[in-house]
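One-letter residues, chain by chain:
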Amino acid sequence: MKKLLIAIVALAMGATANAQGFVGGTLGLDVIHVSRDGGSETQTMFEITPEVGYNFNKTWAVGAQLGYGLTSVEGETVNAVSVMPFVRATVARVSIVDFFGEIAAGYAYQSAGGDGVSGFTMALRPGLAVNLSSSFALIARTNLVGYEHWDGLNIVEFGLNKGFELGVSFKF
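Note that this is a predicted model, so its numbers are computed, not measured.

Attention now goes to the side chain of E102. Along the polypeptide, E102 turns up in strand 5 (residues 97–112). For E102, a relative accessible area of 0% puts it in the buried group. Of note is the side chain of E102, whose polar atom sits 2.6 Å from the side chain of R88. Looking at E102, its side chain comes within polar contact range of the side chain of R125, at 2.6 Å. The residues touching E102, leaving out its near neighbours within four places in the chain, are F86, V87, R88, A123, L124, R125 and R141.

Structure (structure tokens):
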């Protein structure tokens, strides 16, 4: 038992010895125009998502985003808050550019006009990081595939331009 405990501690120390923390965040803008039955509506969404995480090595990282979104649909305002933990795998490096994929899943809450709804959301998010220095990078990512569940409503999404985000990351 003692040897097992020592082995677990040694493994944990080794796994975190190369850990490099990061903080940053992204800004997102989504504009959707829908036409149906002779009418149309435009939905504009702005989202800010600070994030924090750890790079375990050059390939794997984990983190979490805390998001706030503001959506305007035909004059009505919807506020949204979300918490999205994620796992990131860097799949390719070309010079200063890292190409990565993330799997994220979390909780979200939206409210409008005094009514609110909570839900579960998850996404597969490809992206890239342009490493301008050893401690600073520009980040871009989008949702490739997503699933949302809102109190009985299930949504499956696919698209390269859904939820496009630009941001920065500071490594320490």
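A surface patch of nonpolar side chains, amounting to about 1100 Å² of accessible area, comprises L27, L29, V31, F46, I48, L66, Y68, L70, V81, V83, Y107 and Y109. Breaking the nonpolar patch down by element, the ones donating at least two residues are strand 1 (20–36), strand 2 (39–55), strand 3 (60–73), strand 4 (76–94) and strand 5. Its location among the elements puts I48 in strand 2. By relative accessible area, which is 39% here, I48 ends up partly exposed.

For S72, the position within the fold is in strand 3. Aside from chain neighbours lying at most four places away, what touches S72 is T42, Q43 and T44.

On to unusual backbone geometry. A positive phi is found at S95, a non-glycine position, where the angle reads about 55°. Residue placement: S95 occurs in the loop between strand 4 and strand 5. According to the relative accessible area criterion, S95 is exposed, its value standing at 75%.

Between two aromatic rings, the relevant description is the distance of the centres plus the angle of the planes. Inspection of every chain in the model, using the stated rule, returns 1 aromatic pair. Ring centres of F136 and F170 lie 5.1 Å apart, and the angle between their planes is 45°; on these two criteria the pair is classed as tilted. Residue F136 is located in strand 7 (residues 136–150), and its partner F170 is located in strand 8 (residues 153–171); the two are separated by 34 residues in the primary sequence. Residue F136 is classed as partly exposed on the basis of its relative accessible area, which comes to 22%. Exposure remark for F170: the relative accessible area of 41% places this residue in the partly exposed category. Residue placement shows R88 over the ring face of F100; its charged tip is 4.4 Å from the ring centre. When the ring centre of F86 is taken as origin, the NZ or CZ atom of R141, which lies over that ring, is 6.0 Å away.

About the criteria used
Residues numbered from 1 in each chain as written. Predicted model: local features only at pLDDT ≥ 70, side-chain atom pairs only at ≥ 80, totals over all residues. Heavy atoms only, no water. Helix = DSSP H or I, 4+ residues; strand = E, 2+ residues; numbered from the N terminus. Buried < 20%, exposed > 50% of the residue type's maximum accessible area, 1.4 Å probe, protein only. Polar contact = N/O pair within 3.5 Å; in protein donor to acceptor, adjacent residues only side chain to side chain. Contact = heavy atoms within 4.5 Å. Patch = residues over 30% accessible without salt bridge, like charges linked within 9 Å, V, L, I, M, F, W, Y side chains within 5 Å. Areas by Shrake-Rupley, 256 points an atom, 1.4 Å probe, with all protein chains shown as cover. Salt bridge = Lys/Arg side-chain N within 4 Å of Asp/Glu carboxyl O. Phe/Tyr/Trp six-rings, centres within 6.5 Å; stacked < 30°, edge-to-face > 60°. Lys NZ or Arg CZ within 6 Å of the ring centre and 35° of its normal.

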